[in-house]
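# Tertiary structure, described
Residue-level listing of the chains:
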Amino acid sequence: MVIPTDVKKFVEEHIKMMISQTETYLPFIKVAFPYSNNIADGVYNLIIGSAFSVFINQFAIKMKYPTADDFTDFGKLSLKYRDQIDQFFK
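The present account deals with the structure reproduced in this document. (Residues numbered from 1 in each chain as written. Predicted model: local features only at pLDDT ≥ 70, side-chain atom pairs only at ≥ 80, totals over all residues. Heavy atoms only, no water.)

### Observations regarding the side chain of Thr22
Where we set the bar: Secondary structure counts use DSSP, requiring at least four H or I residues in a row for a helix and at least two E residues in a row for a strand, with both numbered from the N terminus. Note on contacts: a residue pair is in contact if any heavy atoms of the two residues lie within 4.5 Å.
Counting through the fold element by element, Thr22 comes out in helix 1 (residues 5-32). What Thr22 contacts, discounting residues up to four positions off in sequence, is Ile29, Val43, Ile47 and Phe88.

### Some remarks on the pattern of salt bridges
Operational definition: The salt bridge definition used is simple: a Lys or Arg side-chain nitrogen within 4 Å of an Asp or Glu carboxyl oxygen. Under the scheme applied here, a residue whose accessible area is under 20% of the maximum for its type counts as buried, over 50% as exposed, and between as partly exposed, the area being computed with a 1.4 Å probe on protein chains only.
Applying the stated criterion to the full structure yields six salt bridges. Of the charged contacts, one joins Glu13 and Lys16 as a salt bridge, the two residues approaching to 4.0 Å between their closest N and O atoms. Residue Glu13 and its partner Lys16 are located together in helix 1, separated by three residues, close to a single helical turn. When its relative accessible area of 44% is taken as the criterion, Glu13 is described as partly exposed.

### Focus on helix 1
Under the convention used in this document: A helix is expected to span 1.5 Å for every residue after the first. Bend at a residue means the angle formed by two fitted axes: the first through the 7 residues ending at that position, the second through the 7 residues beginning there.
Compared with an ideal rise of 1.5 Å per residue, which puts 28 residues at 40 Å, helix 1 spans 38 Å between its outermost C-alpha atoms and is within 8% of the ideal. In helix 1, a bend of some 65° at Tyr25 exceeds every other bend along the element, and Pro27, a proline, comes one to four places later. Buried within helix 1 are the following residues: Val7, Val11, Glu12, His14, Ile15, Met18, Ile19, Thr22, Leu26 and Ile29. In the core, the buried residues of helix 1 are packed alongside helix 2 (39-61), helix 3 (68-79) and helix 4 (82-87).

Structure (structure tokens):
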């Protein structure tokens with residue numbers, strides 16, 4: 001991966017924390033949004049959107065800019081959590 005190891009670790013820990021929060025709030029989510037066609041997509045987008053903000057901030061702290069390869073790697077990194085989020089809603 002092109003993403004610096006410390007940035008990757010920070011982003012992954014953030015994603016894992018958000019997934020654990022999703023698991024905690026799952027009963028509420030299912031009751032609050034009973035008519036949503038695909039809550040998993042919404043939750044995934046929310047988590048990855050938050051992680052993307054963390055990703056950008058970690059580069060800003062280092063006063064660097066992510067490259068196109070960094071963005072590609074972020075996409076690959078985030079995609080590996082997709083199935084885990086989908087499983088909450090099956």
